[in-house]
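# Survey of secondary and tertiary structure
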Amino acid sequence: MSPLYWGEDAELFRPERFIDSPGYEWPRDAWIPFTGGPHVCLGQRFATVESVCILARMARKYRISPTPEIAKLPKDEQWRRLTKWTVGVTSTPGRVDLLFEKR
Ligand code: HEM
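To start, this report covers the structure provided alongside it. Remember, predicted model here, so these are calculated numbers, not experimental data. (Residues numbered from 1 in each chain as written. Predicted model: local features only at pLDDT ≥ 70, side-chain atom pairs only at ≥ 80, totals over all residues. Heavy atoms only, no water.)

## Considerations on the overall build of the chain
Counting its secondary structure elements, the chain contains four helices and four strands. In the chain, the order of α-helices and β-strands from amino to carboxyl end is α-α-β-α-α-β-β-β. Relative to the compact-globule value of 13 Å for 103 residues, the chain shows a C-alpha radius of gyration of 17 Å, a clear excess of over 25%. Referenced to the eigenvectors of the C-alpha coordinate spread, the extents of the chain come out at roughly 45 × 35 × 30 Å. Here the chain holds 103 residues, and the buried ones make up 11% of them. In the chain, of all internal contacts separated by at least 6 residues, the share reaching a separation of at least 24 is 47%. Accessible area of the chain: about 8,900 Å², with a carbon and sulfur share of 62%. Across the chain, the 16 positively charged side chains and the 13 negatively charged ones have centroids separated by 11 Å. (Helix = DSSP H or I, 4+ residues; strand = E, 2+ residues; numbered from the N terminus. Rg over C-alpha atoms; globule rule 2.2 N^0.38 Å. Buried < 20%, exposed > 50% of the residue type's maximum accessible area, 1.4 Å probe, protein only. Contact = heavy atoms within 4.5 Å. Areas by Shrake-Rupley, 256 points an atom, 1.4 Å probe, with all protein chains shown as cover. Lys, Arg positive; Asp, Glu negative; His and termini not counted. Charge placed at Lys NZ, Arg CZ, Asp CG, Glu CD.)

## Notes on the coordination of the iron atom of the ligand
A four-donor tetrahedral metal ideally has 109.5 degree angles, and a six-donor octahedral metal ideally has angles of 90 or 180 degrees. The protein supplies the iron atom of the ligand with one donor atom, Cys41 (SG), which lies at 2.2 Å. Here Cys41 lies in the loop between helix H1 (3–6) and helix H2 (44–61). (Donors = N, O, S within 2.8 Å, 3.2 Å for Na, K, Ca; no water.)

## A word on the site of the ligand
All residues in the neighbourhood of the ligand are listed as Pro33, Phe34, Thr35, His39, Val40, Cys41, Leu42, Gly43, Phe46 and Ala47. Between Thr35 and the ligand, the recorded distance is 2.7 Å, taken from a side-chain N or O atom to an oxygen atom. Separating an oxygen atom of the ligand from a side-chain N or O atom of His39 is a distance of 2.7 Å. Looking at the shell around the ligand residue by residue, the classes come out as seven nonpolar, three polar and no charged. (Near = heavy atom within 4 Å. Polar contact = N/O pair within 3.5 Å; in protein donor to acceptor, adjacent residues only side chain to side chain. Nonpolar A, V, L, I, M, F, W, Y, C, P; charged D, E, K, R; others polar.)

## Remarks on a nonpolar patch on the surface
Where nonpolar side chains cluster on the molecular surface, the patch consists of Ile54, Leu55, Met58, Ile64, Val96, Leu98 and Phe100 and spans about 570 Å² of accessible area. Counting residues per element, the ones that place at least two in the nonpolar patch are H2 and strand E4 (98–102). Looking at the secondary structure, you find Val96 in the loop between strand E3 (91–93) and E4. Since its relative accessible area comes to 38%, Val96 is described here as partly exposed. (Patch = residues over 30% accessible without salt bridge, like charges linked within 9 Å, V, L, I, M, F, W, Y side chains within 5 Å. Salt bridge = Lys/Arg side-chain N within 4 Å of Asp/Glu carboxyl O.)

## Quick look at the packing of aromatic side chains
To describe a pair of aromatic rings, one takes the distance between the centres and the angle between the planes. Tallied over the full model, the rule gives seven aromatic pairs. Where Phe18 meets Trp31, the ring centres are 6.4 Å apart and the plane angle is 75°; that geometry is what we call edge-to-face. Remark: Trp31 occurs in the loop between H1 and H2 and Phe18 occurs in the loop between H1 and H2; sequence separation between them is 13 residues. Overall, the relative accessible area of 33% leaves Trp31 in the partly exposed class. A ring pair is formed by Trp26 and Trp31, whose centres lie 6.0 Å apart and whose planes are at 85°; its orientation type is edge-to-face. Note on Trp26: relative accessible area 14%, which makes it buried. Three or more aromatic residues joined by ring pairs form one cluster here, namely Trp6, Phe18, Trp26, Trp31 and Phe34. (Phe/Tyr/Trp six-rings, centres within 6.5 Å; stacked < 30°, edge-to-face > 60°.)

Laid out in structure tokens, this is it:
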């Protein structure tokens, strides 16, 4: 979360900060959810691939959208509510009001 590496908006959910672009490489050494060194998590690759698989399967099976109550709010307020998080042992998502409809 250090602004030194991630900028002043470090606390915002902005996944595009993990996309390299000309003149920008996201700071690999400042991203340590699996720690590093000799005891780095053995399941890092597995957990990362599995997470993508789970999300892809969910997106294929369900149409996912904000609940009607959230959908009627302005877009920036929707974004603020849906990406709210708190600090725990890790960053913990807040209440995410989403509607899952079977495709
Ligand atoms: C999102 C999922 C996961 C996260 C965030 C995570 C995170 C971590 C962290 C922080 C450590 C401690 C590293 C240290 O002591 O410095 C660790 C260790 C370890 N993790 Fe994970 N882990 C995840 C999933 C998994 C999975 C799926 C497996 C196995 C299939 C796994 C196997 C291990 C093992 C064996 C260690 C001990 C490594 C050692 O001490 O040499 N982890 N993990």
